[in-house]
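Residue-level structure breakdown
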Amino acid sequence: MPITARSSFCMLALPVLLALAPASRAGSASWSATRVSPAISRGGADVAVEYFPADASARPAGSATISRVHASTSYSSRDIVQTRLCWNGTARCVPLKGSAINTNAFNGLSADKPMYLVHVAQDSGPLPAPVFVQGSVIVWFTSAAPHSP
């Protein structure tokens, strides 16, 4: 999947645009993170990358719940890398179909837990060259409404 200048710009601009999009409900907010995986040098082995806001002020409160998640990936290699998006570890996951996903699969789960992109090269054994996957995750969440007496 060769990365062109246009697709690179789109991959970098999408998380920013989506994070700045107005929330559709009161109390809605989002966080986003972009990271590059460590080198994937063997096929068949999972490489998990954690996504969570580095800035403590962007982290959701413990009572916040997920309302939607977007994830996207890009890499430059002839090797095929499949990715799944996971919540709070690598057990509860959904596969990306192609290079992106918009999902409600994690709705209602705690938004103060990390998301993971888990990559696996489909070839077995050593790869001809290491593969680095750039991933972006955006989590929209709803804060609990304050109770009024």
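First, a word on what this report is: a plain description of the structure on this page. (Residues numbered from 1 in each chain as written. Predicted model: local features only at pLDDT ≥ 70, side-chain atom pairs only at ≥ 80, totals over all residues. Heavy atoms only, no water.)

Here we look at the pattern of salt bridges
Using the following cut-off: Salt bridge, as applied in this entry: a Lys or Arg side-chain nitrogen positioned within 4 Å of an Asp or Glu carboxyl oxygen. Labels follow the DSSP assignment, with helices taken as runs of H or I lasting at least four residues and strands as runs of E lasting at least two, numbered in each case from the N terminus.
Applying the stated criterion across every chain yields a total of one salt bridge. Taking the shortest distance from any N to any O, the salt bridge between Asp 46 and Arg 84 comes out at 2.7 Å. Of this pair, Asp 46 sits in the loop between strand S2 (40–43) and strand S3 (47–51) while Arg 84 sits in strand S5 (residues 81–87); the two residues are 38 residues apart in sequence, bridging distant segments of the chain.

Concerning the nonpolar core
How we decide: Joining through side-chain atoms within 4.5 Å is the link that ties buried Ala, Val, Leu, Ile, Met, Phe, Trp, Tyr and Cys residues into a set, and such a set is a nonpolar core. Relative accessibility decides the category of a residue: with a 1.4 Å probe and only protein chains considered, values under 20% of the type maximum give buried, values over 50% give exposed, and everything between is partly exposed. In this description, contact between two residues means that some pair of their heavy atoms is separated by no more than 4.5 Å.
The biggest cluster of nonpolar side chains holds 21 residues, and the ones touching the most others in it are Trp 31, Ile 66, Val 69, Leu 85, Phe 106, Met 115 and Val 137. Ignoring anything within four residues of it in the chain, the contact list for Ile 66 reads Trp 87, Phe 106, Asn 107, Gly 108, Leu 109, Ser 110, Ala 111, Met 115, Val 139, Trp 140 and Phe 141. Counting eight residues, the second-largest nonpolar core is a separate cluster that includes Val 47, Tyr 75, Leu 127 and Val 133.

Observations concerning the state of the cysteines
In plain terms, the rule: A pair of sulfur atoms, both from cysteines and within 2.5 Å, is called a disulfide here.
Tallied over the entire structure, the rule returns one disulfide. The disulfide partner of Cys 86 is Cys 93, and the gap between their sulfur atoms is 2.0 Å. When the S-S torsion is 105°, as for the bridge of Cys 86 with Cys 93, the disulfide is right-handed.

Focus on the sheet that holds strand S10 (residues 134–142)
The criterion, for reference: Criterion used throughout: strands pair if DSSP finds at least two bridges between them. Orientation is described by axes fitted as lines to C-alpha atoms, over the contacting stretch for helices, and by angles from 0 to 180 degrees between their N-to-C directions.
Strand order in the open sheet formed by four strands is S1-S10-S4-S7, with antiparallel pairing between adjacent strands. Two strands close off the open sheet at either side, each with one partner strand: strand S1 (28–36) and strand S7 (100–103). Strand-to-strand twist of the sheet, defined as the mean angle between neighbouring strand axes without regard to direction, takes the value 10°. Looking at chain direction, strand S4 (residues 65–74) and S10 are connected through nine bridges and run antiparallel. From the neighbouring strand, Val 69 faces S10, where its bridge partner is Val 139.

A few points about the side chain of Thr 103
Short version of the rule: N or O atoms within 3.5 Å of each other form a polar contact, as long as, within protein, one can give a hydrogen and the other can take it, and as long as residues adjacent in sequence are counted only when both atoms are side-chain atoms.
Relative to the assigned elements, Thr 103 resides in strand S7. Side-chain polar atoms of Thr 103 contact the backbone nitrogen of Ala 105, separated by 2.9 Å. Look past the residues within four positions of Thr 103 in its chain and what remains in contact with it is Arg 68, Val 69, Leu 85 and Val 94.

Remarks on the pairing of strand S8 (residues 115–121)
With seven of seven residues buried, S8 lies mostly within the body of the structure. Side chains Met 115, Leu 117, His 119 and Ala 121 project from S8 onto one buried face, and the interleaved Tyr 116, Val 118 and Val 120 project onto a second face that is buried too. The pairing of S3 with S8 spans five bridges and is classified as antiparallel. Paired with Glu 50 across the two strands is Tyr 116, which belongs to S8. Bridge analysis of S5 against S8 gives seven bridges, and the strand direction is antiparallel. Residue pairing for S8: Val 81 is matched across the bridge by Ala 121.

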